Amino acid sequence: MEEFRRSYSRLCRESGAEPQEAVLQQLHQLPRGRLDLATQSLTVETCRALGKLLPREMLCTELVLSDCMLSEEGATLLLRGLCANTVLRFLDLKGNNLRAAGAEALGKLLQQNKSIQSLTLEWNSLGTWDDAFATFCGGLAANGALQQLDLRNNQISHKGAEELALALKGNTTLQQLDLRWNNVGLLGGRALMNCLPSNRTLWRLDLAGNNIPGDVLRAVEQAMGHSQDRLTTFQENQARTHVLSKEVQHLREEKSKQFLDLLETIDKQREEMAKSSRASAARVGQLQEALNERHSIINALKAKLQMTEAALALSEQKAQDLGELLATAEQEQLSLSQRQAKELKLEQQEAAERESKLLRDLSAANEKNLLLQNQVEELERKVRCQQEQLFQTRQELTSTSAELKMRAIQAEERLDMEKRRCRQSLEDSESLRIKEVEHMTRHLEESERAMQERVQRLEAARLSLEEELGRVKAAALSERGQAEEELIKAKNQAHLEERQRLAHLEDKLRLLAQARDEAQGACLQQRQAVAEAQTRASQLGLQVESLRRRLEELQQELSLKDQERVAEVSRVRVELQEQNGRLQAELAAQEALREKAAALERQLKVMASDHREALLDRESENASLREKLRLREAEIARIRDEEAQRASFLQNAVLAYVQGSPVRTLSPPK
């Protein structure tokens, strides 16, 4: 933010204006990632500097400019700079009295910016100019990132609402729209209501304070409820499919790892067994070579013994006296040779038995290797079967999701058809009722005007009669004096004239009574017409009540259909749970297979340890045999030395015997 402050100050000075101290103070106190300039009166130079800095700012994700008293030029410069920003997520322009230029700049911002997700435009005047608001709606239709839009108190008329409805048909990301306290009216409300089936992402639409009838608001709320339900079901299905895909991927990875580990262990065991078999074969060969060497040594000893026997035979021929000694020596030598031959035979038999044991152990190890290979093949087959079952479960999941989507689409189409039919019937009945009421009101107004005219005429006649009576009274008073004088003379004449006038007045009064009776009859007729109109209105009310009951029945049918849909969804959930149970059972089976593989590995380890112990025993036996052979060789060398000593003793004895002649016996002793 310090670099941002310095850049702001530099740009303001380059444009010939001083930077605002309030803005610098706010920039110094701002947290990381948020630029809050609310209630700061921003000048055009400040807006120009911010518009140049914001496209390069990579740390600011929230920009609050509420109640900043922005001018049209300043707002345009700011929004033009935000068009190239790629990190801003939240923009608040509340209470800035944005008008035509601001609406057009906002439309360009929505067309070019791809990062803003929340836009607050409360307490502005965007809907005052229809063309500018149409540009704003065009930018909203082309936008692909905005999710929340606040347009409260923006003087949006029904034309602006229609443009906004067209924009909502083309928008695919907006989720929340607030249009409270505008001038949308009935036409705008209907336009927004008609655009909702085409929009699949909007799940919240606030229309309070717009002079919209209650049925339109209820229809909008019902559509929003359906969209929320659809959004929640879609999110739940996405989450479930994501979890299932993760589990399947995890199972696959675990199975592949286990399979690779098992193959590696089997290869290692095979290598170890091959090495051990090669080592045992090499040791057996070495033992065989040692035995062959011992046989050759024994044969050489036998040849030497035969040579010694021949020498002894020659010596027997030369010395018969020593024959017995030589015979005994030969017998001892023969017994020793027989004993050595027996011992050699026993050693050969033991070596043969050990070789047979080693061969049997090797055959058993080979058989165990074959069994392990068969088990590995069975495990591979089971793994393939489980992979096929996983693929089938995927296909079932996709088919069930497709069926659910088709059923939801069919239910929505049925709901739309029923809504349109009910709406059409209501509109027809409402138009008929309005026409009849207008006709009755016109008729009543005409009759009231005629009655008022007749009453006015009667009132004028009454006034003329009263004037005439006043004139007559004045004439009577003026003539009273004369009449008093001529009373006696003109009494009869006056009586006649008065009678005639009274008769004339009575005729006039009778005519007035007849006119009054006619007026009363006309009033009665009008009252009868009003009563008939009231009866027709009551009939229309009954029809409206029947239509309302029909609507309630349709709503009940819709609720039943919703219940059926919920039951279907619950059934699908139960099926998914069963499939999850089956998958868990398969996982348990796989765990059992893993345990079996671990047991087999332990058995292989035990067998390898036994094999190593047997090899060690055989090595120890071979060492003991070598020790015995060394002892036998030492004993044979000792016997050879003893025989040589005996031969030397015999030779010395023979020489002494030969030298012990009679001459020596006759010679005097020294």
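Residues numbered from 1 in each chain as written. Predicted model: local features only at pLDDT ≥ 70, side-chain atom pairs only at ≥ 80, totals over all residues. Heavy atoms only, no water.

**Quick notes on the overall build of the protein chain**
Alright, step 1. Across its full length, the protein chain carries 12 helices and 7 strands.
Alright, step 2. Relative to the globule expectation of 26 Å for 670 residues, the C-alpha radius of gyration of the protein chain, 62 Å, shows a markedly less compact shape.
Alright, step 3. Projected onto its principal axes, the C-alpha coordinates of the protein chain cover approximately 255 × 75 × 35 Å.
Alright, step 4. The 670 residues of the protein chain split such that 29% are buried.
Alright, step 5. A separation of at least 24 residues holds for 84% of the contacts in the protein chain among residues at least 6 apart in sequence.
Alright, step 6. For the protein chain, the exposed area adds up to about 42,700 Å²; of that, 54% sits on carbon and sulfur atoms. (Helix = DSSP H or I, 4+ residues; strand = E, 2+ residues; numbered from the N terminus. Rg over C-alpha atoms; globule rule 2.2 N^0.38 Å. Buried < 20%, exposed > 50% of the residue type's maximum accessible area, 1.4 Å probe, protein only. Contact = heavy atoms within 4.5 Å. Areas by Shrake-Rupley, 256 points an atom, 1.4 Å probe, with all protein chains shown as cover.)

**Describing helix α4 (residues 72–82)**
Think of an α-helix as 3.6 residues a turn; residues three or four steps apart then line up on the same face.
Alright, step 1. The buried count for α4 comes to 8 of 11 residues, which makes it a mostly enclosed element.
Alright, step 2. Of all the residues in α4, the buried ones are Gly 74, Ala 75, Thr 76, Leu 77, Leu 78, Leu 79, Gly 81 and Leu 82.
Alright, step 3. Structurally, α4 contributes buried residues whose contacts are with α3 (44–53), β2 (62–64), β3 (90–92) and α5 (100–112).

**Things to note about a negative patch on the surface**
Alright, step 1. Among the surface-exposed residues, Glu 104, Asp 130, Asp 131, Glu 162 and Glu 163 lie close enough to one another that they form a single negatively charged patch.
Alright, step 2. Residue assignment for the negative patch shows that the elements contributing at least two residues are α6 (130–142) and α7 (158–170). (Patch = residues over 30% accessible without salt bridge, like charges linked within 9 Å, V, L, I, M, F, W, Y side chains within 5 Å. Salt bridge = Lys/Arg side-chain N within 4 Å of Asp/Glu carboxyl O. Lys, Arg positive; Asp, Glu negative; His and termini not counted. Charge placed at Lys NZ, Arg CZ, Asp CG, Glu CD.)

**Topic: the domain arrangement of the protein chain**
Alright, step 1. For the protein chain, the domain assignment lists domain 1 (33–217) and domain 2 (563–606).
Alright, step 2. Here the C-alpha centroids of domain 1 and domain 2 sit 51 Å apart. (Domains from an automatic or database assignment.)

**Topic: the pattern of salt bridges**
A side chain with one charge may pair with a side chain of the opposite charge, provided their charged atoms come close.
Alright, step 1. One pass over the full model with this rule turns up 23 salt bridges.
Alright, step 2. In this structure, Glu 73 and Arg 48 form a salt bridge, with 3.5 Å as the shortest nitrogen-oxygen distance. Of this pair, Glu 73 sits in helix α4 while Arg 48 is found in helix α3, placing the two residues 25 residues apart along the sequence.
Alright, step 3. Across the pair Arg 152 and Asp 150 runs a salt bridge whose closest N-O atoms are separated by 2.8 Å.
Alright, step 4. Given the relative accessible area of 10%, Asp 150 is considered buried.
Alright, step 5. One salt-bridge network, held together by shared partners, links Glu 122, Asp 150, Arg 152, Asp 178 and Arg 180.

**Considering the nonpolar core**
Alright, step 1. One finds Leu 91, Leu 121, Phe 136, Leu 149, Leu 151 and Leu 177 to be the most contacted residues of the largest nonpolar core, which totals 70 residues.
Alright, step 2. Those residues within four positions of Leu 149 in sequence are excluded, and the remaining contacts are Leu 119, Leu 121, Phe 136, Leu 140, Leu 174, Gln 176, Leu 177 and Asp 178. (Core = buried A, V, L, I, M, F, W, Y, C linked by side-chain atoms within 4.5 Å.)

**As for the confidence of the model for the protein chain**
Alright, step 1. Within the protein chain, residue pLDDT values average 82, and 96% of them lie at 70 or more.
Alright, step 2. In the model, residues 661–670 has pLDDT below 50 throughout and makes 1 contact with residues more than four positions away in sequence or in other chains. (pLDDT = per-residue confidence, 0-100.)

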